[in-house]
Amino acid sequence: MRRSDDLDLTRRALRGRDLVVFSNDWDGDPLSKVHIMRILSKDNRILWVNSIGNRAPKANAHDVKRIFSKLERFTQGLREVEPNLHVLSPLAIPFYGSEMVRGANRELLRLQVRRAMKQLNFQRPISWSFLPASAPVSGTLGEEFVVYHCVDEFSAFSDTNGRHIAELEDRLLRRADLCITSAERLRDNKSRVNPRTVLVRHGTDFRHFVKACDPTTVIPADIANLPKPVIGFFGLVADWVDQDAIIATARAHPEGSVVIIGKTTPDCDDSRLRAEPNIHMLGRKAYADLPGYSRAFDVALMPFKISELTLNANPLKVREYLASGLPVVSTDLPEVRKVGLCKIAKSTEDFVAKVDECLAEGPGPSRERAEKIFNESWDARVDEIRHHVGTAMVAAGKSL
């Protein structure tokens, strides 16, 4: 195919279409899925179906609160949260062990989604799934095309039934007309089941995070006066986070501060972090405020334990740190290595040493550093996605 044909395909694909998107809850932190669909919603209508869950709920305060929150959103019905972007919070029976319940959930979900599609008068829809849990309904909604967009090795999460999730994913992979993956290792794994698998790495919201390099960006009060150097992390504190690396870094710099921005998952014990006098757990912050916090950082941390889950990950925060102009120290993960702009640590001791190198070489946000990731925008990534979808649809004999 000539280059001009490629460009034409990219311009024509995913324009004026109706997309049914199965993903995480819309109201959560803006993950890769939100960035992608916000851009696509400029030219397409989106029905965003909030998470139907990858696991059975537990009898704890977090899960009980989540159930009530889902019930509240369900009663709100279909809502337009942004132009062309409609959110549906489906109701499901929260007990996943029984095949009978799974069957009931499948029909209940299908009924709710089809009703929302009818309300919106969707025509020739494309279903776009970011979650294996949609497998029972993907391809049964009268779609013209099915996309599975895989951004994690879902069966490797510790709080899920890995075997059940793997079975669902296998089903979705076999049904999908196209599988898009965010990491090379994911592409290699998924292409064994679906040869129509492509790689589109994460982008970054450069215009947002580069504000950290702007002297007029306000640094929030809860970090502004902490002792320097400020060594920071933002994101979920979960069982895949290497707490040893964070604690060792804090102990190596008793004169400074280690700041953690983000919530702790219910199944993760963060008591060791909280016990360190110079580790400051500031909790979850609004996305709009992250550039201000990044402006206060001297070095950013990406400390993940090595596992099947993290080896398949493409951590979004790395590109967000870099767009903030920050020096970054990371665990040795394949996708972070591919970025090529971070210091890679091979052990806990090496992690501390690499942080010291960053502090010596030039701490804090730098516009020059940020510019190195300027071309990795979400708009560029969505153009890649348009091209892959267009190519796959033409190959399948579908009209654009």
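Going by the structure above, here's the rest.
Computed from a predicted model, the values in this text were never measured in an experiment.

Student: Mind laying out the pairing of strand 12 (residues 299-302), listing which residues take part and the relevant values?
Tutor: Residues Val299 and Leu301 point to one face of strand 12 and Ala300 and Met302 to the other, with burial holding for every one of them. As defined by bridge partners, strand 9 (residues 230-234) adjoins strand 12 across two bridges and the pair is classed as parallel. When the sheet's bridge partners are listed, Gly232 is paired in strand 12 with Ala300.

Student: Explain helix 15 (residues 348-361) to me, and be specific about the residues and the numbers.
Tutor: Its 14 residues place the ends of helix 15 20 Å apart at the C-alpha level, agreeing with the 20 Å of an ideal helix rising 1.5 Å per residue. Here helix 15 has its buried residues at Asp350, Phe351, Val352, Lys354, Val355, Cys358 and Leu359. Where helix 15 is buried, its residues meet strand 9, helix 9 (243-252), strand 12, strand 13 (328-331) and strand 14 (343-345). Following helix 15 by one or two positions, Gly362 has its phi on the positive side, about 145°.

Student: Go over the sheet that holds strand 5 (residues 126-129), please, and point to the residues and values.
Tutor: Read from one edge of the open sheet, eight strands run 3-4-2-1-5-6-7-8, paired in mixed fashion. Of all strands in the sheet, those bounded by a partner on one side alone are strand 3 (79-82) and strand 8 (197-199). In this sheet, adjacent strand axes meet at a mean angle of 25° when their direction is disregarded. Relative to strand 5, strand 1 (residues 18-22) runs parallel, the two sharing four bridges. Directly across from Phe22, in strand 5, lies its bridge partner Ser129.

Student: Can you lay out the pattern of salt bridges for me, pointing to particular residues and giving the numbers?
Tutor: Scanning the entire structure with this criterion turns up 33 salt bridges. In this structure, the salt-bridge partner of Glu357 is Lys343, at a minimum N-O distance of 3.2 Å. Residue Glu357 is found in helix 15, and its partner Lys343 is found in strand 14; the two are separated by 14 residues along the sequence. Each of Glu184, Arg201, Glu335 and Lys338 takes part in one network of salt bridges that share partners.

Quick notes on the rules
- Residues numbered from 1 in each chain as written.
- Predicted model: local features only at pLDDT ≥ 70, side-chain atom pairs only at ≥ 80, totals over all residues.
- Heavy atoms only, no water.
- Buried < 20%, exposed > 50% of the residue type's maximum accessible area, 1.4 Å probe, protein only.
- Helix = DSSP H or I, 4+ residues; strand = E, 2+ residues; numbered from the N terminus.
- Pairing = 2+ DSSP bridges.
- Expected span 1.5 Å × (residues − 1).
- Contact = heavy atoms within 4.5 Å.
- Axes fitted to C-alpha atoms, helices over the stretch in contact; angles between N-to-C directions.
- Salt bridge = Lys/Arg side-chain N within 4 Å of Asp/Glu carboxyl O.

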